[in-house]
Amino acid sequence: MDDSLEGKAALVTGGARRVGAAIARRLHAAGASVLLHYRDSEADAAKLEAARVKAELLAPIAPRALVGAALESFGRLDILVNNASAFFPVAVGAMESSHWEELIGSNLRAPLFISQQAAPELAKHEGAIVNIVDIHADRPLKGYSLYTVTKAGLAALTRSLALELAPRVRV
């Protein structure tokens, strides 16, 4: 099996640290050109071999700006990894709309609208979208009800996009 991604271009949201950085390193090692999105982790982003773009995913212009930056950097987009995620506890009874906005915005709204923005370009190259979901989409963690809802929503979005974008884009 040929694992080469030579000539392919990838956008990884939340790519400066932890899982995102590992994904970015693996894509780069396979030959892909990588555009790494970060919000606050500029020092970590600078350590990785990748083009970098700083953006606030909750901003309405973020999807267009991120996909535009990938096209400007590489002239194409083949792989989108929606990895960026907010994760914090909020107990029932203490939830506020600001908690909802941050969690739903980072974990569900941003992946939806970035995927939508990227879909035409990904379809041109028979590309792929990878959405990062964790076990808490199916197994809630006490104190993390809002987070659980966002990751369960992302799992459902992933299945929906797979139907909507097939066969030109794998999700």
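Scroll up for the structure.
A few points on the structure. (Residues numbered from 1 in each chain as written. Predicted model: local features only at pLDDT ≥ 70, side-chain atom pairs only at ≥ 80, totals over all residues. Heavy atoms only, no water.)

1. A word on the nonpolar core
Defined as follows: Only buried residues count toward a nonpolar core. Its members are Ala, Val, Leu, Ile, Met, Phe, Trp, Tyr and Cys residues joined through side-chain atoms within 4.5 Å. Relative accessible area decides the class of each residue, using a 1.4 Å probe on protein chains only: under 20% of the type maximum gives buried, over 50% gives exposed, and in between gives partly exposed. Each helix is a run of H or I in the DSSP string that is no shorter than four residues. Each strand is a run of E no shorter than two, and both are numbered from the N terminus. The contact criterion used throughout is that any non-hydrogen atoms of two residues lie within 4.5 Å.
Grouped together as the largest cluster of nonpolar side chains are 25 residues, with contacts concentrated most on Leu11, Leu66, Leu77, Leu80, Ile114 and Leu122. Going through the elements one at a time, α3 (62-74), α4 (97-124) and α5 (145-165) are the ones with two or more residues in this core. Contact partners of Leu122, with chain neighbours within four places excluded, come to Leu77, Asp78, Ile79, Leu80, Gly127, Ala128, Ile129, Arg168 and Val169. Judged by nonpolar contacts, the second largest core, of 16 residues, contains Val12, Ala21, Val34 and Leu36.

2. Describing the layout of surface pockets
Our working definition: Put simply, the grid is 1 Å and covers the protein atoms alone, a cavity is a trapped set of points that fit a 1.4 Å probe, a pocket is an open set with protein on both sides within 12 Å along at least five of seven lines, and lining residues have an atom within 4 Å of a point. Grid points are joined across faces, edges and corners, and a volume is the space filled by probe spheres set on the points. When residues are grouped by polarity, Ala, Val, Leu, Ile, Met, Phe, Trp, Tyr, Cys and Pro land in nonpolar, Asp, Glu, Lys and Arg in charged, and all others, Gly among them, in polar.
Considering only enclosed or pocket space, the largest pocket measures out at about 670 Å³ in volume. Lining of the largest pocket is provided by 26 residues; of these, Arg18, Asn83, Ala84, Ser85 and Ala86 occupy positions nearest its centre. Broken down by secondary-structure element, the contributors of at least two residues to the lining of the largest pocket are α1 (18-29), β2 (33-38), α4 and α5. By residue number, the principal contributor to the lining of the largest pocket is α1, which donates 3 residues. Of the residues belonging to the lining of the largest pocket, the class tally is 10 nonpolar, 8 polar and 8 charged. Here the second largest pocket defines a volume of roughly 280 Å³. Lining the second largest pocket are 14 residues, and of these Leu5, Leu27, Ile79, Ala128 and Arg170 lie nearest its centre. Among the elements of the structure, α1, β4 (79-82) and β5 (128-131) are those that each provide at least two residues to the lining of the second largest pocket.

3. Overview of the packing of aromatic side chains
Here is the rule: Here a Phe, Tyr or Trp ring, Trp counted by its six-membered ring, pairs with any other such ring whose centre lies within 6.5 Å, and the pair is stacked when the planes are under 30 degrees apart, edge-to-face when over 60, and tilted otherwise.
Throughout the structure, instances matching the rule amount to 2 aromatic pairs. Centre to centre, the rings of Phe87 and Tyr144 are 4.7 Å apart; their planes meet at 15°, and the pair counts as stacked. In this pair, Phe87 sits in the loop between β4 and α4 while Tyr144 sits in the loop between β5 and α5, placing the two residues 57 residues apart along the sequence. When its relative accessible area of 45% is taken as the criterion, Phe87 is described as partly exposed. Overall, Tyr144 belongs to the buried group, its relative accessible area being 16%. For the pair Phe87 and Tyr147, a centre-to-centre distance of 4.7 Å together with 85° between the ring planes defines the contact as edge-to-face. Highlighted residues: Phe87 in the loop between β4 and α4 and Tyr147 in helix α5, separated in sequence by 60 residues. Exposure remark for Tyr147: the relative accessible area of 4% places this residue in the buried category.

4. Side note on the packing of α4 against α5
Any two packed helices are characterised by the angle at which their axes cross and by the distance between the axes. So the rule is basically this: Axes, fitted as lines to C-alpha atoms, cover a helix only where it is in contact. Angles between the N-to-C directions of the axes lie from 0 to 180 degrees. Each angle is binned into one of four classes, with values under 35 degrees roughly parallel, values over 145 roughly antiparallel, values of 65 to 115 roughly perpendicular, and all other values oblique. Helix crossings are classified by the rotation of the near helix relative to the far one: an anticlockwise turn of less than a right angle makes the crossing left-handed, while a clockwise turn makes it right-handed.
Here α4 crosses α5 at 15°, and the two axes come no closer than 9 Å. Compared by their axis directions, α4 and α5 come out roughly parallel. Here α4 runs over α5; the crossing is right-handed. For the pair α4 and α5, the contacting residues are His99, Trp100, Leu103, Ile104, Asn107, Leu108, Pro111, Leu112, Ser115 and Ala119 in the first and Leu146, Tyr147, Val149, Thr150, Lys151, Gly153, Leu154, Leu157, Leu161 and Leu165 in the second. A breakdown of the residues in the contact of α4 with α5 according to their chemical character gives 14 nonpolar, 5 polar and 1 charged.

It is worth stressing that arrangement in space is one thing and function is another; only the former is reported here.
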